[in-house]
Amino acid sequence: MKFLRNFVTFTGKELLELHRSGRLLLLTILFTAFGVMNPAMAKLTPWLLRTMSDSLEASGITITEVNVTAMDSWVQFFKNMPMAMLLVLVMFGGIFTSEYSKGTLIPLLAKGLRRNAVSAAKTFAMLLVWSVGYLLSYGVTFFYSDYYWDNSAVKNYAFAAFGLWLFGVLLVCSITFFSSFADSAAQVLLGTGGVYFVLYLLGAVGKVREYLPSYLTRSGELLTGQAKPSDYAAAVCVTAVASIVLLIASIPLTAKRRL
C-alpha cells in the first residue's frame with residue numbers, strides 16, 4: 001500500500017511539473033501537428049508537383065497525373081512518427097539524472113519515499129505522455145485520411161501503428177534503465193541511441209531481423225498487405241519482454257545508486 005501511495009503521489013507530481021514547465025503543452029502541439037501534417041502532405045503532393053513541373057521538365061523529368069490515396073497519408077505517418085519519438089526521448093532524457101544532480105530527491109527519500117516508487121512513477125509518466133501523444137497523432141491522421149480518401153484501402157495500418165508504439169515503449173524503458181546508473185542526460189540518450197543503432201545493425205542479418213524490435217518499424221509490407229500481423233508476432237514478444245527486462249534490471253541498480 002505504501003508503494004502504491006508513493007507511486008500515485010509522485011506520478012501526480014511528475015505530470016504537474018510537465019504541465020507547469022510547458023512541456024506537456026509543447027508535446028500536445030507537436031503530436032497534433034504531426035497528425036495534421038501526414039494527410040496535409042499527401043493532399044498537397046499533386047499541387048507541389050504541378051508547381052515544380054516546368055523546372056522538372058527542363059531537367060528531363062516528365063510529371064504525369066498523380067493519384068493520391070489514404071496510403072500516401074499513412075506512409076507519411078510512419079515516416080514522421082520516428083521524429084516525434086526522437087523529440088520525446090530528448091525531452092525525457094534527463095528526467096532522472098536532473099533530479100539526481102540537483103539532489104531534489106534526497107529530502108523526499110528521507111521522509112520515506114521509496115526509490116522504486118519514484119522510478120515507476122517517472123517511467124509511467126513517460127509512457128503515458130508517449131502513448132497519449134501517439135494516440136492523438138494517430139487519431140488525427142485516421143480522421144483526415146478517412147475524410148479525404150478511404151482508410152479501408154490501406155491494410156493493417158492499426159497493427160503497424162501498434163508496432164511502432166511498442167518500439168517507442170522499448171526506448172522509454174531504455175531511458176529508465178540507463179538512468180539507473182548514468183550521470184547525465186547525454187549519457188542516457190547515448191545509451192538509448194546505442195540500443196537503437198545496434199538493433200538496426202542486427203536487422204541487416206537475414207532471418208534474425210524478424211525477431212528484433214526494430215522489425216516493428218517496417219510498416220511498408222503491412223500497409224500493402226504483403227505481410228500479415230502474425231509475421232510480426234516474434235518481434236512483438238521480444239520487444240515486450242525486453243521492455244520488462246530493462247525495467248526489472250533498473251530496480252536493483254537504482255536502489256544502489258548514490259545520490
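As a reminder, the structure under discussion sits directly above these lines.
Residues numbered from 1 in each chain as written. Predicted model: local features only at pLDDT ≥ 70, side-chain atom pairs only at ≥ 80, totals over all residues. Heavy atoms only, no water.

Q: Explain the side chain of Ser-119 here, please?
A: Locating Ser-119 in the fold gives a position in helix α6 (residues 115-148). Judged by its relative accessible area of 9%, Ser-119 is buried. (Helix = DSSP H or I, 4+ residues; strand = E, 2+ residues; numbered from the N terminus. Buried < 20%, exposed > 50% of the residue type's maximum accessible area, 1.4 Å probe, protein only.)

Q: Would you explain the packing of α6 against helix α7 (residues 157-179) in this entry?
A: Contact geometry of α6 with α7 gives a least axis separation of 10 Å together with a crossing angle of 155°. Overall, the two elements α6 and α7 adopt an arrangement that is roughly antiparallel. Where α6 crosses over α7, the handedness of that crossing is right-handed. Between α6, through Ser-119, Thr-123, Met-126, Leu-127, Trp-130, Ser-131, Tyr-134, Tyr-138 and Phe-142, and α7, the contact on the second element is made entirely by Tyr-157, Ala-158, Ala-161, Leu-164, Trp-165, Gly-168, Val-169, Val-172, Ile-175 and Thr-176. Grouping the constituent residues of the contact of α6 with α7 by class yields 14 nonpolar, 5 polar and no charged. (Axes fitted to C-alpha atoms, helices over the stretch in contact; angles between N-to-C directions. Parallel < 35°, antiparallel > 145°, perpendicular 65-115°, else oblique. Left-handed = near helix turned anticlockwise from the far one by under 90°. Contact = heavy atoms within 4.5 Å. Nonpolar A, V, L, I, M, F, W, Y, C, P; charged D, E, K, R; others polar.)

Q: Could you clarify how one ought to interpret the nonpolar core in this entry?
A: Generally speaking, soluble globular proteins have nonpolar side chains that are buried together. By size, the foremost hydrophobic cluster in this structure holds 60 residues, and its most contacted members are Trp-74, Phe-77, Phe-78 and Phe-92. Mapped by element, the contributors of at least two residues to this core are α1 (2-21), α2 (23-58), α3 (70-92), α6, α7, α8 (185-202), α9 (220-224) and α10 (233-256). Ranked by residues supplied to this core, first place goes to α7 with 14 residues. Setting aside residues up to four positions removed in sequence, Phe-77 forms contacts with Asn-38, Tyr-134, Ser-137, Tyr-138, Thr-141 and Ala-161. (Core = buried A, V, L, I, M, F, W, Y, C linked by side-chain atoms within 4.5 Å.)

Q: How do you make sense of the packing of α1 against α6 when you look at a structure like this?
A: When two helices pack together, their arrangement is given by the angle between the helix axes and by the axis-to-axis distance. It is the contact of α1 with α6, at a shortest axis distance of 8 Å, that shows an interaxial angle of 45°. The angle between α1 and α6 falls in the class oblique. Two packed elements cross with a definite hand, and for α1 against α6 that hand is right-handed. Contacts from Phe-3, Asn-6, Phe-7, Phe-10, Thr-11, Glu-14, Leu-15 and Leu-18 of α1 reach α6 at Asn-116, Ala-117, Val-118, Ala-120, Ala-121, Lys-122, Phe-124, Ala-125, Leu-128 and Val-129. Classifying every residue of the contact of α1 with α6 by side-chain character gives 13 nonpolar, 3 polar and 2 charged.

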